[in-house]
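The chain contents come next:
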Amino acid sequence: MHEIIETEGLTRVFRDRPAVDHLELHIGAGEIYGLLGPNGAGKSTTIHMLTTLLTPTEGRARVCGLDVVRQAAQVRRRLGYVSQEKGVRHRLTGRESVELEADLNHVPRRSRARRVEEVLDVVGMLPDADRFVAEYSGGMQKRLDLACGLLHLPDVLILDEPTLGLDVQSRHRVWDHLRGLRAQGVTVLLATNYLDEADRLCDRITIIDAGREVVTGTPAELKRGVAADTVHVSSPAPDRLLAAVEGAPWVRQATLTGREHLRVRVDDAAKAVPEIMRASLAHGIDLHGVTHTAPTLDDVFLLHTGRGLSPDSAVPDLDRAPRPSAPSPAPLDSDGAARPSRPRTQEVLALLRRWYLEVSRERLSLAFTLLQPVIWLVFLGGAIARAVDARVVGTADYIGFMLPGVIAFTIVSTGVSGAVPLLWDKETGYLNKLMSMPIARSSLLVSRLAFQMGLGVAQAALILLVAAALGVRPAGGIAGGLVLLAVAALLAMAFSALFLALACRAPDHNTFFAITGFASLPLVFTTNAFVPVTAMPPWMSITAHLNPLTYAIEAMRTLVVHGWRPSLYPQLLTLTAFTLTALTLGTHEFRRLSRR
Ligand SMILES: Nc1ncnc2c1ncn2[C@@H]1O[C@H](COP(=O)(O)OP(=O)(O)OP(=O)(O)O)[C@@H](O)[C@H]1O
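Since we're looking at a predicted model, the values are computed, not measured.

Caption draft 1: Region of the structure containing the packing of aromatic side chains. Tallied over the full model, the rule gives 5 aromatic pairs. A ring pair is formed by Phe495 and Phe499, whose centres lie 6.1 Å apart and whose planes are at 40 degrees; its orientation type is tilted. Separated by 4 residues within a single helix, Phe495 and Phe499 lie in helix 19 (residues 477-505), roughly one turn from each other. Classification of Phe495 as buried rests on a relative accessible area of 3%. Consider the rings of Phe512 and Phe513, whose centres lie 5.3 Å apart with planes at 80 degrees: the pair is edge-to-face. Phe512 gets classed as buried once you look at its relative accessible area, which sits at 0%. Its relative accessible area of 36% is what places Phe513 among the partly exposed residues.

Caption draft 2: Summary view of the domain arrangement of the protein chain. Domain assignment breaks the protein chain into domain 1 (3-210), domain 2 (227-294) and domain 3 (343-594). Once you take the C-alpha centre of each, domain 1 and domain 3 turn out to be 39 Å apart. Every contact between the two is made by 30 residues of domain 1 and, on the other side, 23 residues of domain 3. If you sort the residues of domain 1 by the area they bury against domain 3, Arg76, Arg91 and Leu104 come out on top, with a joint share of 27%. Viewed at the interface, domain 3 and domain 1 are joined by 4 salt bridges. Residue classes in the side of domain 1 that touches domain 3 are distributed as 10 nonpolar, 8 polar and 12 charged.

Caption draft 3: Broad picture of the packing of helix 18 (residues 441-469) against helix 19. It is the contact of helix 18 with helix 19, at a shortest axis distance of 8 Å, that shows an interaxial angle of 140 degrees. Classified by the interaxial angle, the pair formed by helix 18 and helix 19 is oblique. In the packing of helix 18 onto helix 19, the handedness of the crossing is right-handed. For the pair formed by helix 18 and helix 19, the contact residues are Leu445, Arg448, Leu449, Gln452, Met453, Gly456, Val457, Ala460, Ala461 and Leu464 on the first element and Gly481, Leu484, Leu485, Ala488, Ala489, Ala492, Met493, Ser496, Ala497 and Leu500 on the second. Broken down by class, the residue content of the contact of helix 18 with helix 19 amounts to 15 nonpolar, 4 polar and 1 charged.

Caption draft 4: Here's a closer look at the state of the cysteines. On inspection of all chains with the given rule, the structure shows 0 disulfides. This cysteine, Cys64, is not joined by any disulfide, and Cys202 carries the nearest cysteine sulfur, 19 Å off. Judged by its relative accessible area of 16%, Cys64 is buried.

Caption draft 5: Seen up close, the sheet that holds strand 4 (residues 58-63). Ordered by their spatial adjacency, 4 strands build an open sheet running 2-1-4-5, and the pairing between neighbours is antiparallel. Each of the sheet's edge strands pairs with one partner strand only, and the pair in question is strand 2 (17-28) and strand 5 (66-67). Note: strand 1 (residues 3-14) against strand 2, 8 bridges, orientation antiparallel. Paired with Glu3 across the bridge in strand 2 is Gly28.

Thresholds applied
- Residues numbered from 1 in each chain as written.
- Predicted model: local features only at pLDDT ≥ 70, side-chain atom pairs only at ≥ 80, totals over all residues.
- Heavy atoms only, no water.
- Phe/Tyr/Trp six-rings, centres within 6.5 Å; stacked < 30°, edge-to-face > 60°.
- Helix = DSSP H or I, 4+ residues; strand = E, 2+ residues; numbered from the N terminus.
- Buried < 20%, exposed > 50% of the residue type's maximum accessible area, 1.4 Å probe, protein only.
- Domains from an automatic or database assignment.
- Contact = heavy atoms within 4.5 Å.
- Buried area = accessible area lost by both parts, 1.4 Å probe.
- Salt bridge = Lys/Arg side-chain N within 4 Å of Asp/Glu carboxyl O.
- Nonpolar A, V, L, I, M, F, W, Y, C, P; charged D, E, K, R; others polar.
- Axes fitted to C-alpha atoms, helices over the stretch in contact; angles between N-to-C directions.
- Parallel < 35°, antiparallel > 145°, perpendicular 65-115°, else oblique.
- Left-handed = near helix turned anticlockwise from the far one by under 90°.
- Disulfide = S-S within 2.5 Å.
- Pairing = 2+ DSSP bridges.

Structure, rendered in structure tokens:
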């Protein structure tokens, strides 16, 4: 057998507890392979290691002959991944989401529109494709994720609970599509809680429990291994019945499964049922009902672990459900397969489009962002100007004096909101999805920083226009104004990188906002935004000198109030050094986040 996925002693430990414990998998080309296990068995952890999202603590894993740790980038190019979490892009429509992923998977531009239509059709989402994802039900979001996973023709498709939350018809459509992929030679690995799914869909299964392999084989082999029927007895005194039948030669195993239920595994139900009747009569035990079933995968699990799988692991209504007409799987031509064509540019442009669409649809917060600096300048600037001594601030034009501070604070607060998509992507699981795609990690960072920089420059330009309307013009002329915009760009990059670093570290968005909320006031008030450093008491002057915002504000103020001066150069140098430090920190934290 040509193995596409193989693991040897694969282990991942979280806080001294193994989530996956020396797992051995050998999955052949073109198989649909199931990882079946109860909640917390270690299925997702295994999948995260195979998709390069987690590093193994011990052992090794190879996908298409490539080591998942040492050749992670190549592995990502060979696989498609549909994660368990719903990768919700709230501000995008379904179609835009799929288009984004097509670009990130390097689907060639000329076939992109067709592929997007095809996969949306396969999961039955075409009629809703132009609605916002935020309006989708859980099942619709899941189907959309699945559509994204089918976009390119990967060698291996890995799906974590692919049909969780889907209705019966959608589930059948997905199964049919997976079978179609198998026919085209794609190897499919899926983790599932559903016994029926594993039984009907998978060629082979490994059942895992507590991170360890319980048993591996085809569903038929495994059930044959049980070689037993199960008799389910309903009685008001199942414990007495258990005592009566336990140890009888025709009983393999008897287990209480509820206050009124007893499960008896037997070699042959036809012979066992009359025995159970006889035992109940002999001991005067009432029976409410006796049924029996052929072996299931649940019995296989029970046989090997002494426990059943989770109660929600069966999908009881599948047999009775109307079967939808099976759509023939969309043919995945070589055109639709992932092929790098100027991939880096395509990735960055696709991500920039995403950020743009999301920001432009946040109308209210966009309006506040634009309005806030105007309020600062017009109302606050105007009011304080009356109370300020021109000799202290060094100019009679207090609005001009305050302008750089307003630009700086606006950019800092945009930096905070710029980290929010990363927080959401982390929390919704979409970051995992992005990380498993064949895109350069740097594209994620570069696109985000470039977008924030553009936003910062646009905001600074807008504030300059408002100031011009109030009669304030940079003393440095047009060239001075352009350098001021460059300062704004540096500042935007620096603070975006800092807040991104914080978002990478923060365990959740509450912590992130608690820290930024706590830091924002000292950050603002220990600068020279309202008072020049020369007019500050010594302790405050020291803190102002330690605050990098001071240098950006001072450089911009020089350009607005005084024009070109030699003092500008050390200020610009300091700001550049700060920006480089912030970028290094941001890159380091982002790398750390992507190598868990
Ligand atoms: N990041 C983590 N930190 C600490 N423990 C973790 C982490 N991720 C998973 N675990 C633990 O590892 C074990 C296996 O979890 P995993 O998510 O792999 O199970 P699963 O089989 O996919 O479960 P489910 O069917 O519920 O998705 C669980 O005990 C879980 O709590």
